[in-house]
Amino acid sequence: QVQLVESGGGLVQAGGSLRLSCAASGSGFAINDMGWYRQAPGKQRELVARISSGGTTTYADSVKGRFTISRDNAKNTVYLQMNSLKPEDTFVYYCKTTIEYYNLIGRYDFWGQGTQVTVSS
């Protein structure tokens, strides 16, 4: 199985910045889309940002202009640069990768363990 290791969460004051990282380890697969999601207690997990293997990006309206997703394919790593953070950005953030195994048909989603981002006012 693919393992995703997230890092970069923490506590920051409003207006500050954080950079989340998610590295996929393993072998025998190719990574397609990579994305970041966030979830509040009792709420549905929502897309924050997504980036395709070709670099096409998608952002939630609430984070456009403030967050930037990027990826380093050589390192199998996706980043989320979070600027101008607001208290309403306080969530657990989850990394997701969609992969294709070389020896299997189909696409498979893997999730990171989640990292807490807390923005204080």
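As a starting point, this report considers the structure included with it.

A few points about the nonpolar core
Item 1. Formed by 30 residues in total, the largest nonpolar core has its most connected members in Trp 36, Leu 80 and Tyr 93.
Item 2. When contributions to this core are tallied by element, the ones reaching two or more residues are β3 (18–25), β4 (29–39), β5 (46–51), β7 (67–72), β8 (77–82), β9 (91–101) and β11 (115–120).
Item 3. No other element matches the 5 residues that β9 contributes to this core.
Item 4. In contact with Tyr 93, other than residues within four places in its own chain, are Glu 6, Leu 20, Trp 36, Tyr 37, Arg 38, Val 48, Phe 67, Leu 80, Met 82, Gly 114, Thr 115 and Val 117.

Notes on the pattern of salt bridges
Item 1. A complete count under the given rule lists 5 salt bridges for this structure.
Item 2. Glu 46 is the partner of Arg 38 in a salt bridge, and the nearest nitrogen-oxygen pair spans 2.9 Å.
Item 3. Judged by its relative accessible area of 34%, Glu 46 falls in the partly exposed class.
Item 4. Across the pair Lys 64 and Asp 61 runs a salt bridge whose closest N-O atoms are separated by 3.0 Å. Exposure class is identical for Lys 64 and Asp 61. Each is exposed.
Item 5. When salt bridges with common partners are traced through the structure, they connect Arg 38, Glu 46, Arg 66 and Asp 89 into a single cluster.

Criteria and thresholds
Residues numbered from 1 in each chain as written. Predicted model: local features only at pLDDT ≥ 70, side-chain atom pairs only at ≥ 80, totals over all residues. Heavy atoms only, no water. Core = buried A, V, L, I, M, F, W, Y, C linked by side-chain atoms within 4.5 Å. Buried < 20%, exposed > 50% of the residue type's maximum accessible area, 1.4 Å probe, protein only. Helix = DSSP H or I, 4+ residues; strand = E, 2+ residues; numbered from the N terminus. Contact = heavy atoms within 4.5 Å. Salt bridge = Lys/Arg side-chain N within 4 Å of Asp/Glu carboxyl O.

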